[in-house]
Amino acid sequence: MAVETQGARSREGDWHRNSRARQARERIIKFLLTACAYVSIFTTIGIVVVLFEETLRFFLDVSIVEFLTTTRWAPQQGDFGVLPLVYGTLMATFIAIAVALPVGLLTAIYLSEYAPKRLRRWLKPALEILAGVPTVVYGYFALTFITPFFRDSVLPGIGSFNALAAGLIMGVMIIPTVASVSEDAIYAVPRSLREGAYALGATKRETATKIVVPAALSGIVAAVILGISRAIGETMIVTIAMGSQPNFGGSPTESMQAMTAYIVQVVGGETPRGSITFESIFAVGSALFLMTLALNLASYWFVRRFREIY
Amino acid sequence: METKKTREGRGVSEVSDERREVRPETGGAAPGGGSTLGMKIENLAAFYGSFRAVTDISMDIQANKVTALIGPSGCGKSTFIRCLNRMHEVIPGARAEGKVALGEQDIYAKNSDPVVIRRRVGMVFQKPNPFSKSIYDNVAWGAKINGFRGNVDELVERSLRQAALWDEVKDRLKESGFGLSGGQQQRLCIARTLAVEPEVILMDEPASALDPVSTQKIEDTMSELKKSYTVVIVTHNMQQAARISDYTGFFYIENMGDPGHLWEFDETEKIFSNPDRKETEDYVTGRFG
């Protein structure tokens, strides 16, 4: 009864929504959105295909066992043991994380737990500006300031190019990443957990280090892995400040070549396309890709495995 | 850092010495008529920034009794209870004025350390908030940071038994506290509070997020707890207040936006059968709120 009255009141002629045109619009929108999403997927697939295709061609000439196990990298002499390049990359990464993990984590704890609200509001964006400094600037800073500083003070024997300065400055570069991402994780720990600790007579320090940080652990690990990924893939700093000497087992004060730096050297040099030396950069690139992929998967697994549901 | 730690450590041990002297007296006097004083609150007011949330609260909380606080939502019960162990000030901009005596100590005096106060006055929250640790460590952690040197295994078992949780978790003490049901988590939080051996236990609607069976278990725990502890509980459930408490305080706001007042405070039986003020009667008989 009531429904009929309602229907009688609204006149047919007043309503003009064209449902066919609307459906067409919906379809177009959906198509555009899907297409955008697929652009990045197809690009990634394309890159991986090209990378592995060229890599495969390289491994027709050089045995993969030699590539992965021998320790001399001298393409001109036909020695293709990738380990010296991996060593350079890992050395710089290790030094970088040794800087960025403690500084970044302590910064995150300070920002989230101790900093007054107003300070936090401008300190966090300021920190993120540090991430916006071009890496080429960091590289020259390491080469022209950090290395001479070490030579004039504690390490007179340090090389002009060395892993120590490059690694340290790379650590500074990834501090914002580590600090910002772990701060998000720490800040997201609910207040109720902190109050639970305070209510037992815990001090602020005990609450922050023993309750809040463990609760945010999965996010912190993700932050550190993200930092490591950035350090492994970082190119300009190691190219400028660490040198181009493949060096297996060398000390951090010596020059060594990172995987990315080798690729830059070959691409920027006179090496003819199609030569085995040129193809070797794809093999090195694949190795680099697999390293960061493994890290990202580890991070993904860790976050899912250890995330706390509040 | 180190000196601070020793200072805290000594503060805690002084507290336990003091309690060792006080406890037997309390234990002796309580069964008689319950005339021993647990906490004495005088002219307490609590603020959020410049907003006065509760005001002019004076009440005596009897030792080894359960004191329930009831009243409509938003009238300051939770704010008030958080003032009793200096948890209110943890919220940025929040502060309290007035006097709250715990034994000889005014907890708002200049020389009083909130860290020591919170250990003596424990708190169980509305929503279970176990730490991301094992069941065992959830209970043991508070004791450890407070410098407990005794047998931790024994302490954990005793606390879990008091919270009526031991039988359900004794075979999985190493598992995460998050794996427990809501009611079990809340009893874990009670056990955690008991493990630091406070004098007073504050409970802020401890059963409001739980099902009736879990609520029943928490209530049973409470009647057990008052043998050795002074309990103050905020509840929205009037039957619960009537069932478990010895004293009841009714909080009320006359006009929206005014601070909350302690409207009436008396023995539970009197509040529920023959209160002095009309608003109290209207509330307990379910006419509003």
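Residues numbered from 1 in each chain as written. Chains lettered and ligands numbered in written order. Predicted model: local features only at pLDDT ≥ 70, side-chain atom pairs only at ≥ 80, totals over all residues. Heavy atoms only, no water.

### Topic: the overall build of chain B
Rule in force here: Counting from the N terminus, the helices are DSSP H or I runs at least four residues long and the strands are E runs at least two residues long. Note on contacts: a residue pair qualifies if any of its non-hydrogen atoms lie within 4.5 Å across the two residues. What sets the accessible areas is the Shrake-Rupley method with a 1.4 Å probe; for residues, cover comes only from the shown protein chains.
On a plain count of helices and strands, chain B comes out with 11 helices and 10 strands. Expressed as a percentage of contacts within chain B between residues at least 6 apart in sequence, the contacts between residues at least 24 apart total 67%. Roughly 13000 Å² of accessible area belongs to chain B as shown, and the carbon and sulfur atoms make up 47% of that amount.

### Observations regarding the environment of N151(B)
Residues and elements named next belong to chain B. The condition is simple: Relative accessibility decides the category of a residue: with a 1.4 Å probe and only protein chains considered, values under 20% of the type maximum give buried, values over 50% give exposed, and everything between is partly exposed. As used in this structure description, the phrase polar contact means that two N or O atoms lie within 3.5 Å; if the pair is within protein, one of them must be able to donate a hydrogen and the other to accept it, and residues adjacent in sequence are counted only when both atoms belong to side chains.
As for its placement among the helices and strands, N151 is situated in the loop between α4 (135-145) and α5 (152-162). Overall, N151 belongs to the partly exposed group, its relative accessible area being 40%. Among the polar contacts made by the side chain of N151, one reaches the main-chain amide nitrogen of D153 at a distance of 3.0 Å.

### Comments concerning the side chain of N247(A)
Residues and elements named next belong to chain A. Structurally, N247 can be placed in the loop between α11 (236-241) and α12 (259-268). N247 gets classed as buried once you look at its relative accessible area, which sits at 14%. Discounting chain neighbours no more than four positions away, the residues touching N247 are P84, Y87, E254, S255 and M256.

### Some points on the interface of chain B and chain A
For interface size, the figure often reported is the accessible area lost on association. The condition that has to hold: By definition, the buried area sums, over both parts, the 1.4 Å-probe accessible area that each loses when the two are put together. In what follows, salt bridge is the name for a side-chain nitrogen of Lys or Arg lying within 4 Å of a carboxyl oxygen of Asp or Glu.
On the side of chain A, 21 residues touch chain B, which itself brings 27 residues to the contact. Between chain B and chain A, a total of about 2100 Å² is buried, with carbon and sulfur atoms accounting for 64% of that surface. Summed over the shared surface of chain B and chain A, the number is one salt bridge. R82(B) serves as the salt-bridge partner of E195(A), at 2.7 Å between the closest nitrogen and oxygen.

### A closer look at the packing of aromatic side chains
Centre distance and the angle of the planes are the two values used to describe a pair of aromatic rings. Residues and elements named next belong to chain A. Definition in use: Two rings from Phe, Tyr or Trp (for Trp, the six-membered ring) form a pair when their centres sit within 6.5 Å of each other. Planes less than 30 degrees apart are called stacked, planes more than 60 degrees apart edge-to-face, and all others tilted. Here, a charge over a ring is recorded when the distance from Lys NZ or Arg CZ to the ring centre is within 6 Å and its angle to the ring normal is within 35 degrees.
In total, this model carries 21 aromatic pairs over all chains according to the counting rule given. For the ring pair Y38 and F42, a centre distance of 5.7 Å and an interplane angle of 25 degrees mean the geometry is stacked. Of this pair, Y38 and F42 both sit in helix α2 (residues 19-61), separated by four residues, roughly a single helical turn. Ring centres of F67 and W73 lie 6.3 Å apart, and the angle between their planes is 65 degrees; this geometry places the pair in the edge-to-face category. For the residue pair F67 and W73, the accessibility class agrees, reading buried in each case. Here the aromatic residues F58, F59, F67, W73, F80 and Y262 are joined through ring pairs into a cluster of three or more. Seen from the ring of Y187, R120 lies directly overhead, with NZ or CZ sitting 3.9 Å from the centre.

### Let's talk about helix α8 (residues 212-225) of chain B
Structural remark: α-helix, 3.6 residues per turn; residues separated by three or four positions point the same way. Residue and element names in this part refer to chain B. Where we set the bar: Multiplying one less than the number of residues by 1.5 Å gives the expected span of a helix. Comment: arc refers to directions from the helix axis out to C-beta atoms.
With 14 residues, α8 should cover 20 Å at 1.5 Å per step; its first-to-last C-alpha distance of 20 Å lies within 8% of that length. Of the residues making up α8, those classed as buried are S214, T215, I218, E219, T221, M222 and L225. Angularly, the buried residues of α8 cover 160 degrees about the axis, an arc narrow enough to put them on a single face. More than 90 degrees from the buried face of α8, the exposed residues found are P212 and V213. In this fold, the buried residues of α8 make contact with α5, α7 (182-194), β7 (200-204), β8 (230-234) and α9 (238-244). With a side-chain oxygen positioned 3.1 Å from the backbone nitrogen of V213, the residue opening α8 is D211.

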